Amino acid sequence: MSEKTMNLTLYVWRQANAKAPGKMERYEAKGISPDMSFLEMLDVTNEQLIKQGIEPIVFDHDCREGICGMCSQVINGVPHGPEELVTVCQLHMRRFNDGDTIFIEPWRSKAFPIEKDLMVDRGAFDRIMQAYGYTSITCGGAPDANDHPIPKWQLDRAMDAAECIGCGACVAACPNASGMLFTAAKVAHLNMLPQGKPEGARRVKAMIAAHDLEGFGNCTNHYECEAACPKGVKTAFISYLNKELIKALPKGAQD
Amino acid sequence: MKLVNPANKRKYKILMVGTGLGGGAGAATLGELGYNVECFCYQDSARRAHSIAAQGGINAAKAYPNDGDSIRRLFYDTIKGGDFRAREADVWRLSQVSNNIIDQCVAQGVPFARDYAGYLVNRSFGGAQVSRTFYARGQTGQQLLIGAYQSLSRQVKAGKVKIHNRREMLDLVVVDGHAKGITCRNLITGEIESHWGDAVVLATGGYVNVFYLSTNAMGSSVTANWKAAKKGAFFANPCYTQIHPTCIPVTGDHQSKLTLMSESLRNDGRVWVPKKAGDKRPANEIPEDERDYYLETKYPSFGNLVPRDVASRNAKLQADAGKGVGASGYAVNLDFRDAIKRDGEKAIRERYGNLFQMYEKIVDEDAYKVPMRIYPAPHYCMGGLWVDYELQSNVPGLFVLGEANFSVHGANRLGASALMQGLSDGYFVIPYTIGPYLASTTPGAVTTDHDAFKESKAQVEANIEKLRNIKGNKTPFEFHRELGKIMWDNVGMARSEESLKKALTEIPKLREEFWQNLKCVGNDKEVNQQLENAGRVADFLEFAEVLAFDALNRKESCGGHFRVESQTEEGEALRDDENYAYVAAWEYKGEGKAPELHKEPLKFENIHLAQRSYK
Ligand SMILES: Cc1cc2nc3c(=O)[nH]c(=O)nc-3n(C[C@H](O)[C@H](O)[C@H](O)COP(=O)(O)OP(=O)(O)OC[C@H]3O[C@@H](n4cnc5c(N)ncnc54)[C@H](O)[C@@H]3O)c2cc1C
Ligand code: SF4
Ligand code: FES
């Protein structure tokens, strides 16, 4: 717990709504404690703006503990900011120095239209999930949970993929604005488990088709997504997805 | 029980407010059965409901470890953990379906932890002497919620469920005494919308943000429940709030929320404070014989795994006695040194890696090397809207699921039992219990053409205008923080007649100031987070009074409700079964009027009422 506070200069993207033009505005953030989270710094700044008669900055957030995937800001050009493996809400101001200038922007991609300021619409991810991001189990018919043993290594790999919080930083980081890391994480999570295998081929095809339909770009192996991902989801899952797709294609005629 | 014919189900429309474990599971399952469901949440996606934040795990009576667990034992532990203030029948049903929940989740692809042979493993949680908790790393809630959200997504594709995200319910529409719809604000366009349904289900989560700082999400509020209460739904046991013992301590005024460190940490972490008051040496420099492992000495059989209310109160006692650690003195140590010595750092990393990582991000300290510092924080509410065994409120057609209802946890919830309850309500209870009500109604008989919808809409719009036109000097944040302080100081971990009466004079004063001095900037026909907050704070300011009122009325201590006037010689909660073995259901009587108390007596036919002991 430190006593000293910092003063910062912020450049923040302001945009009234989806159709309005936007621009960067300059604000001063005063008396910022290193113990604050980045979002608490914005809270304090907003309170200062309100007192000055300026409309507060709109940004998405909810859990503030790095799990809901709601917070979404590009800080100094990096989705979720400079620290590895954290979301904006977990980023702390001790990462910055007194007098720093910080640039804050929303996720930018065609598939995620801006709603206001730093807030975007990630409905495209929901629609990819609706395409086949599930197993077709109807409640009531499940066998005993221990009926299918799953080797630990296999379970662990599926769990690594299942850690994805659907934040969209991978899209924001990608030069092509591809949503492939998100899509691959879901395909891998389910296709790697015995419960998801029966529909594996249909799933991978349907989800990739939905991904392409939403206007996300293609994956051309820049690996920026992996670097930005707060949950450490690996691009190896994209390779896995591609293998699953190749396996699935010849079967296409049959199902 | 009356059933709805499968062919007729598609004629009915059900509104589900909330997409957490209760609402998500409920909406998906009702869709699978053939009903038309419309679902609402305030986040940008159904997947982000606050259930996502649950870390530790979910209980079930599978008895896989062969340690003597059974449905009966889970039932008993839950009733006892709740300090004998829950309904037996509801808890029995919960224990029964607990096993089906695990089966259902595994079939969805929920990656619960397994051993090398591929079988599911369990851990222990507070208030139980068996291992019955299933978990997925430190993110059980996210994995369960994604499972429900996957099922929900499947129903969206099937055309049975429609999701309206970024909507906030701001009123319940009641027609001839029956719940027939809701009024909500589109948080993107600001438009006030009417939605009709043959029944309305609320699964809107908990209200502990009434304390301002809590482990809940920033958007968690009492709004949906409170609006329903103002339309006649009884609010049951609002004073039963849970203060979680293992949270990261507060650092300053800027703090916007408190982060929970899962209680599962108490499996391996040992709680201690220095024996000497005011000992400010760094933890690692305090020798073994100068440490007080107060939970282990005071409660030898449960030790660090006593229920939450007991652990929290004891932490407060230590801090009040000047033995608290950290800069503020409002913290105790949670030490993993001995567990690391015993099992190795790798094993501990495997069990709690992401929790230790989260701690480091926030506090900037390595808990593998120095003890964590923890302190209690508001976490969960056992109270909620009153429901019967069918989960129907006293307003016909209004059902309530998950944390939003009051049903199974009595005066204290055991760890890993809320996830179980949410999924039980959603997957296995509401799909069946909503049938008899629907069977007694004509589908589509009331739609948004009814005048009640227009009135409700006009009222919501007028309320928004009122908030925006005060044009005072204090922001919603500032009012919320002040309310939180009143609640934490007077209606928190220890409550007395004096403190409660103080709260009951201070809350109305603050509310009055709110309506005269609120500064709510921005327009209403666009995204306006200030307006959203202002509305939530306005509701908390009304609801807080009922909470304090209930606490004042209940002159006993039980579970999370601790009245200093009612304790044993050892300082444990002392119940008064003769006078208070009832559910307190409060009826709203209008602004500025005292709510009316309805009592539902609690009868225990299978369990003998006993003074809780964890010694
Ligand atoms: C940090 C944390 C850790 C926890 N860990 C555990 C654990 O390990 N084990 C355990 O058993 N329990 C745990 N719990 C408790 C448990 O997670 C919750 O009680 C449970 O998930 C609540 O589920 P729910 O479906 O009732 O509500 P929520 O998941 O909170 O969902 C509420 C839904 O209602 C919507 N909503 C709310 N108000 C409105 C409105 N006015 N209009 C429209 N929509 C609205 C929200 O958008 C959301 O979709 C934890 C809780 C927290 C906070
Ligand atoms: S893959 Fe990573 S960056 Fe992409 S949505 Fe998931 S968590 Fe976010
Ligand atoms: S606010 Fe939930 S992940 Fe950041």
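This part is about empty space enclosed by the protein. Tallying each qualifying case throughout the model produces 9 cavities of 30 Å³ or more. Of the volumes computed, that of the second largest cavity is approximately 580 Å³. Lining the second largest cavity we find 42 residues, and of these His 61 of chain A together with Gln 529, Glu 532, Asn 533 and Arg 536 of chain B sit closest to its centre. For the lining of the second largest cavity, the elements supplying multiple residues, two or more each, are helix H1 (38-51) of chain A together with helix H13 (476-490) and helix H15 (529-553) of chain B. In terms of residue class, the lining of the second largest cavity is made up of 18 nonpolar, 14 polar and 10 charged.

Take the sheet that holds strand S2 (residues 22-32) of chain A next. All names here are of chain A. Taken together, the 5 strands give an open sheet; going across it, the order is S2-S1-S5-S3-S4, and neighbouring strands pair in mixed fashion. Across the chains shown, the open sheet's two edge strands, defined by having one partner strand only, are S2 and strand S4 (78-79). As judged from the 2 bridges shared by strand S3 (residues 74-75) and strand S5 (residues 101-105), these two strands associate in the antiparallel manner. Of the residues in S5, the one forming a bridge with Val 74 is Glu 105. Across the sheet, H1 touches strand S1 (6-15), S2, S3 and S5, and the angle it forms with S2 is around 95°.

To continue, consider the site of ligand 2. Every residue close to ligand 2 is listed here: Phe 125, Cys 164, Ile 165, Gly 166, Cys 167, Gly 168, Ala 169, Cys 170, Leu 181, Cys 229, Pro 230 and Val 233 of chain A. By residue class, the composition of the shell around ligand 2 is 10 nonpolar, 2 polar and no charged.

This part covers the sheet that holds strand S13 (residues 291-292) of chain B. Strand pairs in the sheet, formed through backbone hydrogen bonds, run parallel or antiparallel to each other. Residues and elements named next belong to chain B. Spatially, S11-S15-S14-S12-S13 is the arrangement adopted by the 5 strands of the open sheet, whose pairing is antiparallel. Looking at strand neighbours, the two that pair on one side only are strand S11 (241-247) and S13, the edges of this open sheet. Bridging between strand S14 (residues 332-335) and strand S15 (residues 372-381) involves 3 bridges; their strand directions are antiparallel. Residue Val 332 lies in a different strand from S15, and its bridge partner there is Ile 374. Sheet strands in contact with helix H8 (residues 308-320) are S11, strand S12 (270-274), S13, S14 and S15, and its direction is about 65° off that of S11.

With that settled, consider unusual backbone geometry. In this structure, His 80 of chain A is a non-glycine residue whose phi angle is positive, near 70°. Relative to the elements of secondary structure, His 80 of chain A occurs in the loop between S4 and S5. Residue Arg 137 of chain B is not a glycine yet carries a positive backbone phi of 40°. By secondary structure assignment, the location of Arg 137 of chain B is in the loop between strand S4 (133-134) and helix H5 (140-157).

So, on to the interface of chain B and chain A. If you look at the interface, chain B gives 78 residues, while chain A gives 77 residues. Here chain B packs against chain A, burying approximately 6600 Å² in sum over the two surfaces, 52% of which is carbon and sulfur. A salt bridge links Arg 137 of chain B to Asp 160 of chain A; its shortest N-O distance comes to 2.9 Å. Our count for the contact surface shared by chain B and chain A stands at 49 residue pairs in polar contact (both at pLDDT 80 or more). Counting residues per element, the ones that place at least two in the side of chain B that touches chain A are helix H2 (21-33), helix H4 (88-108), H5, helix H10 (345-363), helix H11 (418-439), H13 and H15 of chain B. Along the lines of polarity and charge, the residues of the side of chain B that touches chain A split into 30 nonpolar, 28 polar and 20 charged.

Here we take up the pattern of salt bridges. Applying the stated criterion across every chain yields a total of 74 salt bridges over all chains. The partner of Asp 364 of chain B in a salt bridge is Arg 94 of chain A, with the nearest N and O atoms 3.8 Å apart. Linking Asp 364 of chain B in the loop between H10 and S15 with Arg 94 of chain A in the loop between S4 and S5, this pair reaches from one chain into another. Taking relative accessible area as the criterion, Asp 364 of chain B reaches 48% and is therefore assigned partly exposed. The structure contains a network of salt bridges with shared partners spanning Asp 60, Glu 115 and Arg 122 of chain A together with Asp 44, Arg 48 and Arg 166 of chain B.

This next bit is on the nonpolar core. Residues Phe 38 and Met 93 of chain A together with Ile 58, Phe 112 and Ile 434 of chain B are the most contacted members of the largest nonpolar core, which totals 222 residues. Element by element, the count of residues in this core is highest for H15 of chain B, at 13 residues. Apart from the residues lying within four places of it in its own chain, the contact partners of Ile 58 of chain B are Ile 101, Ile 102, Phe 112, Arg 132, Thr 133, Phe 134, Thr 140, Leu 144, Ala 416, Leu 419, Met 420 and Leu 423 of chain B. Judged by nonpolar contacts, the second largest core, of 31 residues, contains Phe 336, Tyr 352, Phe 356 and Val 363 of chain B.

Residues and elements named next belong to chain A. In terms of domain boundaries, chain A breaks down into domain 1 (6-105) and domain 2 (122-254). Computed from C-alpha coordinates alone, the two centres of domain 1 and domain 2 are separated by 31 Å. Contact with domain 1, which involves 13 residues of that partner, is made by 12 residues of domain 2. Sorting the residues of domain 1 by area buried against domain 2 places Gly 69, Pro 79 and Leu 85 first, and these three jointly supply 47% of that buried surface. Run the count over domain 1 and domain 2 and you get 1 salt bridge. Across the salt bridge formed by Asp 60 and Arg 122, the nearest N and O atoms sit 3.8 Å from each other.

Let's shift gears to helix H6 (residues 223-230) of chain B. Residue and element names in this part refer to chain B. Burial analysis of H6 places 7 of its 8 residues in the buried class, which makes it a mostly covered element. Among the residues making up H6, those that are buried are Thr 223, Ala 224, Asn 225, Trp 226, Lys 227, Ala 228 and Ala 229. Phi for Gly 232, located one or two positions after H6, is positive at around 115°.

All names here are of chain B. Here chain B is partitioned into domain 1 (8-239 + 380-439), domain 2 (244-377) and domain 3 (455-601). Between domain 2 and domain 3, the C-alpha centre-to-centre distance is 31 Å. Contact residues are listed per partner, giving 10 residues for domain 2 and 10 residues for domain 3. Sorting the residues of domain 2 by area buried against domain 3 places Asp 309, Arg 313 and Lys 316 first, and these three jointly supply 53% of that buried surface. Our count for the domain 2 to domain 3 interface comes out at 0 salt bridges. Viewed at the interface, domain 3 and domain 2 are joined by 3 residue pairs in polar contact (both at pLDDT 80 or more). Sorting the residues of the side of domain 2 that touches domain 3 by element identifies H8 and S15 as the ones contributing at least two each. When residues in the side of domain 2 that touches domain 3 are grouped by element, the largest group, 5 residues, is from H8. Residue composition of the side of domain 2 that touches domain 3, grouped by class: 4 nonpolar, 1 polar and 5 charged.

Before going further, it helps to examine the state of the cysteines. Every disulfide links exactly two cysteines, by a covalent bond between their sulfur atoms. Summed over all chains, the structure comprises 0 disulfides over all chains. Unpaired in this structure, Cys 381 of chain B has its nearest cysteine sulfur neighbour in Cys 239 of chain B, at a distance of 12 Å.

Time to look at the packing of aromatic side chains. All names here are of chain B. In the structure shown here, the tally under the stated rule is 30 aromatic pairs over all chains. Measuring from ring centre to ring centre gives 6.3 Å for Phe 84 and Phe 604, while their planes differ by 75°; the resulting arrangement is edge-to-face. Of this pair, Phe 84 sits in the loop between helix H3 (71-81) and H4 while Phe 604 sits in the segment after strand S19 (596-601), placing them 520 residues apart in sequence. Here the aromatic rings of Tyr 207 and Phe 235 are separated by 5.7 Å at their centres, their planes lie at 65°, and the arrangement is edge-to-face. Remark: Phe 235 occurs in strand S10 (residues 235-236) and Tyr 207 occurs in the loop between strand S9 (199-202) and H6; sequence separation between them is 28 residues. Tyr 207 gets classed as buried once you look at its relative accessible area, which sits at 1%. The class of Phe 235 is buried, set by a relative accessible area of 1%. Counting every residue linked through ring pairs, the aromatic cluster contains Tyr 207, Trp 226, Phe 235, Phe 543 and Tyr 588. One Lys or Arg, Arg 413, reaches over the ring of Tyr 380 and ends 4.1 Å from the middle of that ring. Taking NZ or CZ as reference, Lys 474 lies 4.9 Å from the ring centre of Phe 479, over its face.

What counts, and where the lines are drawn
Residues numbered from 1 in each chain as written. Chains lettered and ligands numbered in written order. Predicted model: local features only at pLDDT ≥ 70, side-chain atom pairs only at ≥ 80, totals over all residues. Heavy atoms only, no water. 1 Å grid on protein atoms, 1.4 Å probe; cavity = no way out; pocket = protein on both sides within 12 Å on 5 of 7 lines; lining within 4 Å. Points joined across faces, edges and corners; volume = space filled by probe spheres on them. Helix = DSSP H or I, 4+ residues; strand = E, 2+ residues; numbered from the N terminus. Nonpolar A, V, L, I, M, F, W, Y, C, P; charged D, E, K, R; others polar. Pairing = 2+ DSSP bridges. Contact = heavy atoms within 4.5 Å. Axes fitted to C-alpha atoms, helices over the stretch in contact; angles between N-to-C directions. Near = heavy atom within 4 Å. Buried area = accessible area lost by both parts, 1.4 Å probe. Salt bridge = Lys/Arg side-chain N within 4 Å of Asp/Glu carboxyl O. Polar contact = N/O pair within 3.5 Å; in protein donor to acceptor, adjacent residues only side chain to side chain. Buried < 20%, exposed > 50% of the residue type's maximum accessible area, 1.4 Å probe, protein only. Core = buried A, V, L, I, M, F, W, Y, C linked by side-chain atoms within 4.5 Å. Domains from an automatic or database assignment. Disulfide = S-S within 2.5 Å. Phe/Tyr/Trp six-rings, centres within 6.5 Å; stacked < 30°, edge-to-face > 60°. Lys NZ or Arg CZ within 6 Å of the ring centre and 35° of its normal.

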